Amino acid sequence: MTTIDPKSLGKVAVLMGGSSAEREISLMSGGGVLAALQSQGVDAHPFDPAERELAELKHAGFARCFIALHGRHGEDGTVQGALELLRIPYTGSGVMASAIAIDKVMTKRLWQAAGLPTPKYVTLPRDAQDPERVRSVPDELGLPLIVKPPHEGSSIGVTKVKGYSQMQDAVALAANYDDVVLCEEFIEGDELTCPVLGTGRNARALPVIRIVAPEGAYDYQNKYFTDVTQYLVPSGLPEAEEREIQRIVVEAYRTLGCRGWGRADLMVRARDRAPFLLEMNTSPGMTSHSLVPMSAKAAGMSYEQLCLHIAASAALDS
């Protein structure tokens, strides 16, 4: 790994907070990144787009942005587009890849077109959420199944449906967050996540993390606010299986046009060890509980080195 001169990065804005449902997590991520960059001698400053106009970045002389925003108006291509217009390089994926990856339905369509494995699914637009249609979804996908809003992260609005009677409430919950509701086949097996660093042919997967949550409930609370979830890295998977998962993840990342860094979430089906891609995070969490720093540490990269590496990768699409 090349040595990075902190001074060469110039004045860095850590974009954090924002206006999405994941604001609380973004403030935690951004706080960690800011402290790490400052500890390495980077001229880094916090910047909350919910409280300040993005145009101020230009007037304040920022040379680059570390995007620690999550969810809408953070990793959906909108902030990326604004930074393109301001000509300020930023971390993570560009406009198109960000816009696609935030939409789990569009992501799945692209992965399917590329021959990559992802669970079967049904979409319910606002005009197709009548009781009869909602009740018919388990006939297509089986039970249990997952109901989620396709544009949210951090398990917000997600329900594991075990019976027909739960469907209506699950769809209503997801519909609070999104116009379209995504219903997805439930894959019984190991829950995994795998970060990627780099761009194009230089993109490389970091070690796979196996997630063991209480009763399989890897929800918002267990992600961020408890210590009962186990994160196993090394994953304990057979070496060949881990390598194959890393290969699929890098292919999934490239298929979406991602760059800089990202993290794919997957399931490996217990009965036949078949992997299934769930989603790609283009601005993953960087909190004390977060998974990219954990995986990087297993690969010999400290949290501070990781933040420096990502900051140094800031770029523009054009």
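Residues numbered from 1 in each chain as written. Predicted model: local features only at pLDDT ≥ 70, side-chain atom pairs only at ≥ 80, totals over all residues. Heavy atoms only, no water.

Moving on: the sheet that holds strand β1 (residues 11–15). Spatially, three strands are ordered β2-β1-β3 in an open sheet, and the strand pairing comes out parallel. Each edge of the sheet is formed by a strand with only one pairing partner; in this case those strands are β2 (43–47) and β3 (64–67). Within the sheet, the average angular offset between the axes of one strand and its neighbour, ignoring direction, is 30°. Relative to β2, β1 runs parallel, the two being bridged by five bridges. Bridging from a neighbouring strand, Lys11 pairs with Asp43 of β2. (Pairing = 2+ DSSP bridges. Helix = DSSP H or I, 4+ residues; strand = E, 2+ residues; numbered from the N terminus. Axes fitted to C-alpha atoms, helices over the stretch in contact; angles between N-to-C directions.)

Below, the discussion takes up the sheet that holds strand β6 (residues 159–161). One open sheet holds the four strands; their spatial order is β4-β7-β5-β6, and the pairing between them is antiparallel. One side of each edge strand has no neighbouring strand; the edge strands of this open sheet are β4 (121–124) and β6. Averaged over all neighbouring strand pairs, the angle between strand axes comes to 25°, with direction disregarded. Running at roughly 30° to strand β5 (residues 145–148), helix α7 (residues 167–175) makes contact with β4, β5, β6 and β7 (181–185) of the sheet. (Contact = heavy atoms within 4.5 Å.)

The next point concerns the side chain of Arg259. Relative to the assigned elements, Arg259 resides in the loop between α9 (239–255) and β12 (261–269). Looking at Arg259, the relative accessible area reads 11%, which means it is buried. Within the structure, Arg259 has its side chain in polar contact with the side chain of Tyr90 (distance 3.2 Å). When residues no more than four places from it in sequence are discounted, the contact partners of Arg259 are Glu84, Tyr90, Gly92, Ser93, Gly94, Gly198, Thr199, Tyr253, Ala315, Leu316 and Asp317. (Buried < 20%, exposed > 50% of the residue type's maximum accessible area, 1.4 Å probe, protein only. Polar contact = N/O pair within 3.5 Å; in protein donor to acceptor, adjacent residues only side chain to side chain.)

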